[in-house]
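Below, each chain spelled out in residue letters.
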Amino acid sequence: RGTAIHRGCELIPYRRWKEPAGVTKEQFQDFVAELLSSGEIPEEYRSVLLPEDFLPFLSSGIAARMAKAAQTGHLRREQPFVYALDANQVDPKFPKEEKILIQGIIDAFFIERGEDGTTHAVVVDYKTDRVRTGQQLIDLYATQLDLYAKALQGMLGIPVTGKILYSFTLRQEVPIP
């Protein structure tokens, strides 16, 4: 389920769906059919990529911001990274001068311009965990998103001002403080 939902999110056509909140059930089903016929997703994803799961996401504020960023070429999805972390940040017993390499893939990030004219990045991570509260996700994933933000800030040279989980179970955005 998680892999299929992540793939569906990776392929959302934000340039075509400039206002994702207006996407209908039929449009989403047509999108899934296009992905199947083009071979971009396997047949077994059909039963997971459901309008009832994706339309709440597409109606979210984060999807609107991602669509806006896509229009200007400032949305990136499935971004690989490698980040060197001081070893003592992993375990205080390790020497600070040693490095530990962390690698991963950021589900999505986008660049926005703030009201003051400066640019910043926002990290987005999709979650399919069966949880009851957003706080459970924060407890599980705050460290992961902090590392993503540090890596992204190092790659881009601009501040990361937002870390947002989107829970497909809760059907809501969960900001990481």
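Remember, it's a predicted structure, so these values are computed and weren't measured experimentally. (Residues numbered from 1 in each chain as written. Predicted model: local features only at pLDDT ≥ 70, side-chain atom pairs only at ≥ 80, totals over all residues. Heavy atoms only, no water.)

Q: How do you make sense of helix α6 (residues 134-156) when you look at a structure like this?
A: Every α-helix carries 3.6 residues per turn, so stepping three or four residues along brings you back to the same face. Taking 1.5 Å per residue as the helical rise, α6 with its 23 residues ought to reach 33 Å, whereas the 28 Å between its terminal C-alpha atoms falls clearly short. At Y141, α6 shows its largest kink, close to 55 degrees. Residues of α6 that are buried make contact with β1 (75-86), β2 (99-113), β3 (119-127), β4 (160-167) and β5 (172-175). Where α6 terminates, the next one or two residues include G157, which has phi positive at roughly 75 degrees. (Helix = DSSP H or I, 4+ residues; strand = E, 2+ residues; numbered from the N terminus. Expected span 1.5 Å × (residues − 1). Bend = angle between axes of the 7 residues up to and from the residue. Contact = heavy atoms within 4.5 Å.)

Q: Sorry if this is basic, but what is going on with the side chain of S60 here?
A: By secondary structure assignment, the location of S60 is in the loop between α3 (51-58) and α4 (61-71). A relative accessible area of 11% means that S60 is categorised as buried. A distance of 2.6 Å separates a polar side-chain atom of S60 from the backbone oxygen of F57. Aside from chain neighbours lying at most four places away, what touches S60 is Y166 and E173. (Buried < 20%, exposed > 50% of the residue type's maximum accessible area, 1.4 Å probe, protein only. Polar contact = N/O pair within 3.5 Å; in protein donor to acceptor, adjacent residues only side chain to side chain.)

Q: Teacher, can you tell me more about the nonpolar core here?
A: Nonpolar side chains tend toward joint burial in soluble globular proteins. Among the nonpolar cores identified, the biggest contains 35 residues, and Y14, F57, I62, M66 and Y126 are the most heavily contacted of them. Those elements that place two or more of their residues in this core are α1 (2-11), α2 (25-38), α3, α4, β2, β3 and β4. Take this core: its biggest share by element is 6 residues, from α4. Grouped together as the second largest cluster of nonpolar side chains are 20 residues, L152, I158, V160 and V174 included. (Core = buried A, V, L, I, M, F, W, Y, C linked by side-chain atoms within 4.5 Å.)

Q: How should unusual backbone geometry be read in this particular structure?
A: Peptide bonds are mostly trans, and most non-glycine residues show a negative phi. A positive phi angle, near 55 degrees, is found at E78, a position not held by glycine. With respect to the secondary-structure elements, E78 resides in strand β1. Looking at E78, the relative accessible area reads 26%, which means it is partly exposed. Positive phi, normally seen in glycine, also occurs at R171, with a value near 60 degrees. In this fold, R171 is placed in the loop between β4 and β5.

Q: What is the right way to look at the packing of aromatic side chains in this model?
A: Aromatic ring pairs are reported here in terms of the distance separating the ring centres and the angle at which the planes meet. For the structure on display, the rule yields 10 aromatic pairs. When the centroid spacing of 5.2 Å and the interplanar angle of 55 degrees are considered together, the rings of F54 and F168 count as tilted. Note that F54 is positioned in helix α3 and F168 in the loop between β4 and β5, a separation of 114 residues in sequence. Neither residue differs from the other here; F54 and F168 are each classed as buried. Grouped by ring-pair contacts, the aromatic residues W17, F28, F31, F54, F57, Y126, Y166 and F168 constitute a single cluster. Sitting over the ring of Y141, K127 keeps its end group 3.6 Å from the ring centre. (Phe/Tyr/Trp six-rings, centres within 6.5 Å; stacked < 30°, edge-to-face > 60°. Lys NZ or Arg CZ within 6 Å of the ring centre and 35° of its normal.)

Q: What is the right way to look at the sheet that holds β4 in this model?
A: Note: strands within a sheet are paired through backbone hydrogen bonds, in either parallel or antiparallel orientation. What the 5 strands build is an open sheet, ordered β1-β2-β3-β4-β5; its pairing is mixed. This sheet does not close on itself; its edge strands, each paired only once, are β1 and β5. Strand after strand, the sheet turns through a mean of 40 degrees between neighbouring axes, direction not considered. Taken together, the 6 bridges between β2 and β3 define a ladder with antiparallel strand orientation. Within β3, the position partnered with F110 by the bridge is V122. (Pairing = 2+ DSSP bridges. Axes fitted to C-alpha atoms, helices over the stretch in contact; angles between N-to-C directions.)

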